[in-house]
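Residue-level structure breakdown
Now for the letters of each chain:
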Amino acid sequence: ESATTRSHDDLDDPLSRSIRSPVRSRGKRSTRSRSRGQDDDLLSTGGGSSGSYDIDDHDALSRSDRYHNRDDGSTGHFSRRTHGKDALSVSEKMMATSEYQHNVKSVMDGLTINKLQYDKVGLVGREKEAKILMESYSRLTNTTKYSTKRKELVFVNGYSGVGKSSLVASMLEVCDQSATGFCARGKFDFSSVDVPYTAIASVFGQIFGDIERRGSLSVSTYDEFGQLQTLGEALTAKLGPDIHLLATLIPKLKGMIPSSVQPPSFRRHDSNGFEASQKRWEYALRVLTRELNKIYSPLVLFLDDVHWADQSSLNLIDCLISDVENENPLMVVGCYRSNAVGKYHILLKTLEQMKNKTSHYGFNLSEIEIGNLDGEGVHNVIMTLLSMDEKKKTEALGDVCFRRTLGNPFFLIEFMTMLTDENLLKFSLASLEWSWDE
């Protein structure tokens with residue numbers, strides 16, 4: 001802001017001087033008028049008239065431009081010079097236009113118009129996809145119309161940089177405003193593709209972090225007999241020693257386990273092997289989700305980069321969304337890169353299995369595919385970034401950006417940033433407009 005202020009002060013035209021010299025109110029000017037009147041007495045000749053003013057409240061000229069003798073030879077009087085009248089007339093006309101007043105206000109609001117407005121881009125060009133996602137969330141929360149299906153499974157796919165996570169984030173902002181609900185976020189990673197439940201552990205860790213902030217004793221549920229019990233008591237009653245399994249995945253759960261409950265004994269050589277162990281984990285996590293869903297309604301789990309998910313995590317998503325014993329609203333949203341998923345990828349196989357369960361297990365499954373922006377979408381993003389309303393002014397720039405980025409939102413933002421960094425796209429404080437070489 002200091003740099004832009006200095007460049008603004010270097011301008012020596014009536015517009016810039018009027019911005020630097022704000023108009024004073026008539027009430028504040030009276031004090032200065034009296035003091036100047038006293039100075040005028042010193043300038044007046046003997047027997048001549050005392051000093052007076054011929055200055056209105058809209059005068060934006062400097063004080064030195066106003067001092068001169070009258071044509072009749074008397075001194076001590078002040079009026080505008082001829083060139084001052086012309087300059088002031090131009091300034092007043094410019095100040096009277098709504099466009100000028102809007103531009104001046106924008107400058108005085110902290111000089112933000114000379115920067116790309118990244119935070120305003122939002123879902124420009126993604127209105128259709130956002131509507132589908134919000135409809136899924138509305139079905140989840142509308143208990144009267146959609147009481148038979150209280151679970152939503154949504155998969156958002158597209159190439160890298162098209163804005164999958166940003167789309168979901170817009171829906172999560174609405175969910176975060178819910179007084180009774182909670183949104184938890186997790187992300188799978190290539191480095192831990194062989195480690196089960198990495199993103200799942202992150203999701204439940206966030207939920208227990210919220211419980212810890214609220215106080216674990218204040219978070220309680222009701223058992224099947226209507227008796228009030230803490231979360232630790234509810235999990236222990238249903239899982240017994242297997243609650244320690246969950247504690248290995250969610251360390252914050254350890255403090256809720258009663259001291260009387262001992263860890264289970266594990267046999268090294270289980271005849272059922274990996275499958276039996278997986279079933280125990282799935283049951284424990286399903287019970288945990290049921291109890292948490294009693295506390296948080298709706299409960300939304302967002303899992304990013306699902307193309308890096310392990311088979312155990314994908315199976316768990318299937319188990320949670322198809323749990324008929326959980327009657328509370330649950331939503332699972334997954335994002336994955338379509339260019340990272342081949343024909344025989346485990347994600348597509350699991351997704352196909354879940355599609356066949358929707359009617360029997362009472363949940364909705366939606367798929368949202370996001371592509372690159374078309375030419376119209378690119379123009380809208382650029383107009384938003386530059387805070388410009390006229391498409392004609394950005395048409396040439398939009399065509400260049402579309403050819404260079406093919407409408408990929410991430411590359412488009414990076415390309416616009418590069419243009420400003422290289423000073424190829426500049427903002428002029430003189431004209432209060434963006435300019436570029438066409």
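Cut-off values and rules
Residues numbered from 1 in each chain as written. Predicted model: local features only at pLDDT ≥ 70, side-chain atom pairs only at ≥ 80, totals over all residues. Heavy atoms only, no water. Helix = DSSP H or I, 4+ residues; strand = E, 2+ residues; numbered from the N terminus. Buried < 20%, exposed > 50% of the residue type's maximum accessible area, 1.4 Å probe, protein only. Contact = heavy atoms within 4.5 Å. Areas by Shrake-Rupley, 256 points an atom, 1.4 Å probe, with all protein chains shown as cover. Polar contact = N/O pair within 3.5 Å; in protein donor to acceptor, adjacent residues only side chain to side chain. Disulfide = S-S within 2.5 Å. Axes fitted to C-alpha atoms, helices over the stretch in contact; angles between N-to-C directions. Parallel < 35°, antiparallel > 145°, perpendicular 65-115°, else oblique. Left-handed = near helix turned anticlockwise from the far one by under 90°. Nonpolar A, V, L, I, M, F, W, Y, C, P; charged D, E, K, R; others polar. Expected span 1.5 Å × (residues − 1).

**Quick word on the overall build of the protein chain**
- The helix and strand tally for the protein chain stands at 17 helices and nine strands.
- In the protein chain, buried positions account for 44% of the 438 residues.
- Expressed as a percentage of contacts within the protein chain between residues at least 6 apart in sequence, the contacts between residues at least 24 apart total 70%.
- Carbon and sulfur atoms make up 50% of the accessible area of the protein chain, which amounts to about 24,200 Å² in all.

**Let's talk about the side chain of His-307**
- Tracing the backbone through its elements, the reader meets His-307 in the loop between strand 5 (299-304) and helix 12 (311-321).
- We classify His-307 as buried; its relative accessible area is 4%.
- Side-chain polar atoms of His-307 contact the backbone nitrogen of Arg-337, separated by 3.2 Å.
- Residues within four places of His-307 in sequence aside, it is in contact with Tyr-336, Arg-337, Ala-340, Val-341, His-345 and Leu-347.

**Observations regarding the state of the cysteines**
- Using the criterion set out here, one finds one disulfide in the structure.
- The disulfide partner of Cys-175 is Cys-183, and the S-S distance across this bridge is 2.3 Å. Pair check on accessibility: Cys-175 and Cys-183 agree, each one buried.

**A word on the packing of helix 16 (residues 391-405) against helix 17 (residues 409-421)**
- Remark: helix 16 packs on helix 17, axes separated minimally by 10 Å, with the N-to-C direction vectors making an angle of 125°. Here helix 17 runs oblique to helix 16, going by the angle between their axes. Crossing geometry of helix 16 relative to helix 17 is assigned as right-handed. Of helix 17, the residues touching helix 16 (which contributes Leu-397, Val-400, Cys-401, Arg-404 and Thr-405) are Phe-411, Leu-412, Phe-415, Met-416 and Leu-419.
- Looking at the contact of helix 16 with helix 17, its residues break down into eight nonpolar, one polar and one charged.

**Focus: helix 6 (residues 127-141)**
- When the terminal C-alpha atoms of helix 6 are compared, their 21 Å separation across 15 residues agrees well with the 21 Å that a helix rising 1.5 Å per residue should span.
- Within helix 6 the residues assigned to the buried category are Glu-129, Ala-130, Leu-133, Ser-136, Tyr-137, Arg-139 and Leu-140.
- Buried residues along helix 6 sit against strand 1 (151-158), helix 7 (164-176), strand 5, strand 6 (330-337) and strand 7 (364-370).

**Structural notes on helix 7**
- With 13 residues, helix 7 should cover 18 Å at 1.5 Å per step; its first-to-last C-alpha distance of 19 Å lies within 8% of that length.
- Its buried side turned inward, helix 7 meets helix 6, strand 1, strand 2 (182-187), strand 5, strand 6 and strand 7.

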